[in-house]
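Okay, here's what each chain looks like letter by letter:
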Amino acid sequence: MLSGIILSLCYPQFNLGELIWISLIPLISAIWLGSSNTTFKKRALRGASLGYIAGLIFFLINLSWLHHIHLAACTLLPAFLALYFAIWGAFAATIGRPSFVDSRETDNSLNSKKLFSSPSIESLRCAFLNGSAWCGLEWLRGWFLTGFPWNGLGVGLKNDLVMIQIVDLIGVTGLSFVIVFCSSICTSLILRITREIKTSKLRAHPDFAVGIIFIASVFIYGTNRLTKEKENHIEVSVLLVQGGINQIEKWDANSAQKIYKRYWDLTAPYLNLENANFDLVVWPESSLPYSLHDKETQTYLNNILSIDDFELVLGLNENIPQEGIYNSIVVLRKNTSTAKTYRKIHLVPFGEYVPLRSAMPFLEKLASNAIGVDFTPGKKTDPIKMTLPEPYSVIPLVCFEDTFGNLARKFIKNEPQLIVNVTNDGWFGKSAASEQHLANAMFRCIELRRPMIRSANTGISCIIDSTGNLHDRWASTPGGKRIIYGDTEKNTFVTDSLPELIRIPKNPKQTLYTRIGDSFSILLGAISLIAAIAPICRKVFGFRT
């Protein structure tokens, strides 16, 4: 229970990310110490129960904002997601449990003359396997049943820019391995030192030294990435717009003209400024009430595009007869006849479509609102070509898609690129969901080493550089965050515009994560799976190790 509570404090809205390093120690201790002198099966069941309790408490607190969508969702989804903690708990109680927890350590088992005594090796073995299992399960959570990668362990470190730079190698799920590995070693150290104090026989702990070296290596790598010299870049003058349209008005036909006027008032005055010269204007997801192909919408967009020469990126629905309805990102310049579109690939279950609608009609009741017609998923992962002030391309991500690193990496090309995420977090009310969404999104910038623009209807609109930083590192004088917020950063129901400058690297390199995706997490998950299956094979088939 304590681990579940501490872990929930590491994420928005509490933002006590430093606690992530100790959050799992109570859980690991309870799993290891409470399983003495019991069978393999009983250990597994007890570990699963403890893991489930920790996971359930964590997700109930962490995803409490789900009640804004559906009352059942705030209990059903946490109850399902806690199963991943349960599986890990069963693993940690059996395969990932060090043998020295049961036996009394003797001088024969702990020869102080040996640099690496057997308990230290056992501690490292368990730390590696426990970290691998957690890492693999997080990857599975982000893939199974369309995936829900939201708020993995690594996301809890979002405020520690140095330590999170390593995700360009191993991804955000790989960062979870680092945390669990160190938590397991620390738990082992605490248990062994406690026993040594009682017997007045303190010994060296090489496994702890390995853990320190591991953390130091991650720190050094992150420091090096943050202090690299400035790259050649393209400077793009951007106007970021946040409409602040609440959900009741957004889909009310009587509010349509008010919405059109709102975006005109947030955009046109800036375009009319003397020497404004904006290259890019970004509006959020489904910013306008009607489809791209609606005549009124086209007339409206043509009018605003005629004010100046700029490129407009906005979220719009596309209703294509005999084909489907798409949640799209549209790029326009001069007029609507130049439209270039990206159609959202990863749709949100029960939000944009109802799974198995025809086979199981009762599932529609789980949708926040009865969805009349399902959206159609797009298929292409082609970046959108841009021309102002010089050629580059946009990696388009709609709403929840910015939490999927393996999707975003498919857009990567050897050219200047900018991630553009349009979203609408108004569904979640004034909750921690918008902050959590931003925390998850920023890891795409580091994994891919591409800067990002986020435009939210309600939520957090901002500019993030390729290190996950919301500050302008190139500014000659220190400035504030490049973000839209009200009287506090937690006030996301804001109507405002943000004129800014974003710098896009001209010759960005492809990161290791871009090339191999989540292979690190999949490999470690496979290793832990083999380790879990091995005892069963030995028992069933008589194999020996």
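Quantities reported herein were computed from a predicted structural model and do not represent experimental measurements.

> What is the right way to read the pairing of strand β7 (residues 392-398) from this model?
Of all the seven residues making up β7, seven are buried; the element is thus mostly covered by neighbouring parts of the structure. Neither face of β7 is open: one carries Y392, V394, P396 and V398, the other S393, I395 and L397, and all of them are buried. Here strand β6 (residues 384-386) runs beside β7; their pairing, made up of three bridges, is antiparallel. Its bridge partner lying in β7, I384 is registered against V394. Between the antiparallel neighbours β6 and β7 lie five residues. Pairing analysis gives six bridges linking β7 to strand β8 (residues 417-423), with the strands arranged parallel. Bridged to S393 within β8 is Q417.

> What should I look at first to understand a nonpolar patch on the surface in this one?
On the surface, F80, L83, W143, F144 and L145 cluster together into a nonpolar patch covering about 510 Å² of accessible area. Tracing the sequence through the fold places L83 in helix α4 (residues 73-93). Residue L83 is classed as partly exposed on the basis of its relative accessible area, which comes to 40%.

> I would appreciate a short explanation of the sheet that holds β6 in the present structure.
Whenever strands of a sheet pair, they do so through backbone hydrogen bonds, lying parallel or antiparallel. Taken in spatial order, the six strands of this open sheet run β6-β7-β8-β9-β10-β11, and their pairing is mixed. On the outer flanks of this sheet lie β6 and β11 (483-484), each paired with one strand and no other. Contacts from helix α12 (residues 433-448) reach β8, β9 (452-456) and β10 (461-464) within the one sheet, and its direction differs from that of β9 by about 160 degrees.

> Would you mind going over the sheet that holds strand β12 (residues 496-505) with me for this structure?
Taking strand neighbours across the sheet as the criterion, the six strands line up as β5-β4-β3-β2-β1-β12 in an open arrangement whose pairing is mixed. What marks the edges here is a single partner per strand, and that holds for β5 (335-343) and β12. Taking the axes of each pair of neighbouring strands and ignoring which way they run, one obtains an average angle of 35 degrees across the sheet. Both strand β1 (residues 233-242) and strand β2 (residues 280-282) contribute to a ladder of three bridges, which runs parallel. Within the sheet, the bridge partner assigned to L240 lies in β2 and is V282. Seen against the sheet, helix α9 (residues 256-271) touches β1, β2 and β12 and runs at an angle of roughly 140 degrees to β1. In the packing of helix α10 (residues 295-305) onto the sheet, the strands contacted are β3 (311-320), β4 (324-333) and β5, and the crossing angle to β5 comes to about 110 degrees.

> What am I meant to see in the packing of helix α2 (residues 25-33) against helix α3 (residues 40-62) here?
Between two packed helices, both the angle of their axes relative to each other and the distance between the axes serve to describe the pair. Axis separation between α2 and α3 bottoms out at 9 Å; the angle between their running directions is 160 degrees. In terms of orientation, α2 lies roughly antiparallel with respect to α3. You can see that α2 and α3 cross each other, and the crossing is right-handed. Where α2 approaches α3, its residues L27, A30 and I31 are matched on the opposing element by R46, G47, L50, G51 and A54. Taken together, the residues of the contact of α2 with α3 break down into five nonpolar, two polar and one charged.

What counts and what doesn't
- Residues numbered from 1 in each chain as written.
- Predicted model: local features only at pLDDT ≥ 70, side-chain atom pairs only at ≥ 80, totals over all residues.
- Heavy atoms only, no water.
- Buried < 20%, exposed > 50% of the residue type's maximum accessible area, 1.4 Å probe, protein only.
- Helix = DSSP H or I, 4+ residues; strand = E, 2+ residues; numbered from the N terminus.
- Pairing = 2+ DSSP bridges.
- Patch = residues over 30% accessible without salt bridge, like charges linked within 9 Å, V, L, I, M, F, W, Y side chains within 5 Å.
- Areas by Shrake-Rupley, 256 points an atom, 1.4 Å probe, with all protein chains shown as cover.
- Salt bridge = Lys/Arg side-chain N within 4 Å of Asp/Glu carboxyl O.
- Contact = heavy atoms within 4.5 Å.
- Axes fitted to C-alpha atoms, helices over the stretch in contact; angles between N-to-C directions.
- Parallel < 35°, antiparallel > 145°, perpendicular 65-115°, else oblique.
- Left-handed = near helix turned anticlockwise from the far one by under 90°.
- Nonpolar A, V, L, I, M, F, W, Y, C, P; charged D, E, K, R; others polar.

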